[in-house]
Amino acid sequence: MNACKRIAGIFCAVLFLLSGAALSACAPREEGGPDGQECCRLTLTLPAPLELYAPLQGSYPAGERVEARVCAAEGYEVCAYLDADRLWLDLLSDGSGEEFYACNFIMPAHAADLIFTAKEIAEEPAEPSQPIDCRVAFAEADFRNGGMYTFSVIASAEAWQAVSGQFPEGALSYGEDFFTGGGERSQAKALVVIIASRSNMGGYFRSVTMERRGYDIVIDIRLEDGNMTAASDWAVVLEVKKQDIGDGELRLETNFGYGFNAYL
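Bear in mind the structure is a predicted one, so any value in this text is a computation, not a measurement. (Residues numbered from 1 in each chain as written. Predicted model: local features only at pLDDT ≥ 70, side-chain atom pairs only at ≥ 80, totals over all residues. Heavy atoms only, no water.)

Helix and strand content of the chain: 4 helices and 18 strands. In the chain, which comprises 264 residues, the proportion classed as buried is 33%. Counting only contacts in the chain whose residues sit at least 6 apart along the sequence, the fraction spanning at least 24 positions is 69%. Working note: accessible area of the chain is about 16100 Å², and carbon and sulfur atoms make up 51% of it. (Helix = DSSP H or I, 4+ residues; strand = E, 2+ residues; numbered from the N terminus. Buried < 20%, exposed > 50% of the residue type's maximum accessible area, 1.4 Å probe, protein only. Contact = heavy atoms within 4.5 Å. Areas by Shrake-Rupley, 256 points an atom, 1.4 Å probe, with all protein chains shown as cover.)

Attention now moves to the side chain of arginine 251. Within the fold, arginine 251 resides in strand β18 (residues 249-254). Polar contacts involving the side chain of arginine 251 include one to the side chain of aspartate 216, which spans 3.2 Å. (Polar contact = N/O pair within 3.5 Å; in protein donor to acceptor, adjacent residues only side chain to side chain.)

Scanning the model with the defined rule gives 7 salt bridges in all. Note that glutamate 67 and arginine 69 form a salt bridge whose closest N and O atoms lie 2.9 Å from each other. For arginine 251, the salt bridge identified is with glutamate 253, shortest N-O distance 2.8 Å. Since its relative accessible area comes to 14%, arginine 251 is described here as buried. Salt bridges linked by common partners bring Glu211, Arg213, Asp216, Arg251 and Glu253 together as one network. (Salt bridge = Lys/Arg side-chain N within 4 Å of Asp/Glu carboxyl O.)

A complete count under the given rule lists 10 aromatic pairs for this structure. Every member of this aromatic cluster is reached through a ring pair, and the members are Phe138, Phe143, Trp160, Phe167, Tyr174, Phe178 and Phe179. (Phe/Tyr/Trp six-rings, centres within 6.5 Å; stacked < 30°, edge-to-face > 60°.)

We now examine the environment of aspartate 85. Its place among the elements puts aspartate 85 in strand β7 (residues 85-87). Overall, aspartate 85 belongs to the exposed group, its relative accessible area being 54%. As for aspartate 85 and leucine 114, which are separated by 29 residues in sequence, their C-alpha atoms are 9.7 Å apart.

Another point: the nonpolar core. Core analysis: the largest hydrophobic core is formed by 20 residues, its most contacted members being Val192, Ile194, Met210, Ile219, Ile221 and Trp234. Of all the secondary structure elements, the ones that give two or more residues to this core are β14 (189-198), β15 (204-213), β16 (216-224), β17 (232-241) and β18. (Core = buried A, V, L, I, M, F, W, Y, C linked by side-chain atoms within 4.5 Å.)

Glancing now at the pairing of strand β8 (residues 90-93). Bridge count for β8 against strand β9 (residues 99-106) is 4 bridges, and the pairing is antiparallel. Bridging from a neighbouring strand, serine 93 pairs with glutamate 99 of β9. The antiparallel hairpin formed by β8 and β9 contains 5 residues in its connecting segment, where glycine 97 sits at a positive phi of about 95 degrees. (Pairing = 2+ DSSP bridges.)

Right, let's talk about the sheet that holds β15 for a bit. Sheet strands pair via backbone hydrogen bonds, and the direction of the pair is either parallel or antiparallel. Read from one edge of the open sheet, 4 strands run β11-β15-β16-β18, paired in mixed fashion. A single partner strand is all that each edge strand has here, and the edge strands are β11 (129-131) and β18. Between one strand axis and the next, the sheet turns through 30 degrees on average, direction left out of account. Across 9 bridges, the pairing between β15 and β16 is antiparallel. Bridging across to β16, arginine 213 finds its partner in aspartate 216. (Axes fitted to C-alpha atoms, helices over the stretch in contact; angles between N-to-C directions.)

Structurally, histidine 110 can be placed in the loop between β9 and β10 (112-120). Separated by 48 residues in the primary sequence, histidine 110 and alanine 62 place their C-alpha atoms 7.4 Å from one another. With near-sequence residues (within four places) excluded, histidine 110 lies in contact with Cys40, Arg41 and Asp83.

Looking at the chain, the pLDDT average stands at 80 and 75% of residues meet or exceed 70. Of all secondary-structure elements in the chain, the lowest mean pLDDT belongs to helix α1 (residues 2-23), at 40, while strand β4 (residues 59-61) reaches the highest, 96. Confidence drops under a pLDDT of 50 for residues 1-25, and excluding neighbours within four residues, the segment shows 4 contacts in the predicted structure. Here residues 259-264 is modelled with pLDDT under 50, and outside its nearest four sequence neighbours on either side it reaches 18 contacts, counting other chains as well. (pLDDT = per-residue confidence, 0-100.)

The strand order across the open sheet built from 4 strands is β3-β5-β9-β8, with neighbouring strands paired in antiparallel fashion. In this open sheet, the two edge strands, each paired with only one partner strand, are β3 (50-52) and β8. The sheet shows a mean angle of 40 degrees between the axes of neighbouring strands, direction not considered.

The structure is reproduced here in structure tokens:
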């Protein structure tokens, strides 16, 4: 019987030591908190590109929901961790438009580390570009075409005959020599024909340029808007050397919200 009491006493002492170790990371709540409630320490790690948007306490009761808010310098990717667990970050803004990151977590029943990291976002190198010589053979902002739209490369006299009837008689004329260069390959040319529709157009074409960006051949059309309010078609025909566009994909960009941004 005495042996059993000794074993029970040792077991209770071990439990007491274990419970004391579990609570050793917690400190009494500062004045103003509920009587007898224990708080656990929260250690904050905040690198230089970040700063607190709202202050944090040094300790919180276990089980309390905590929200941390930080501001980041522009050009940084922000992450947050509670010990080894990554926290979800929301990008929010206040009434003045200032942005900050916010995360929420439940305070564990032990001392915890709240760690923020900030990684500088590497800027992608600018895509190299090279201008391509082209001649605007036809450009009309109020083009009455009747719904026959296209974005195509015309590389032969036969192909041109198939679309030439869409343009005013005598406005454009191309023979076989234009497309073959008269047998000189480096002089062979092609036409880029664009006919499309846009409402509230009017105005006039301010610029039409072409350039190579990587594997893309980008046609950039800038329009100066006028006062016209009815729907209108528009058309552009470009002359360009075949060798300048032979190995690229053509893409169209505009400054007037035209959504036809497709590859040929």
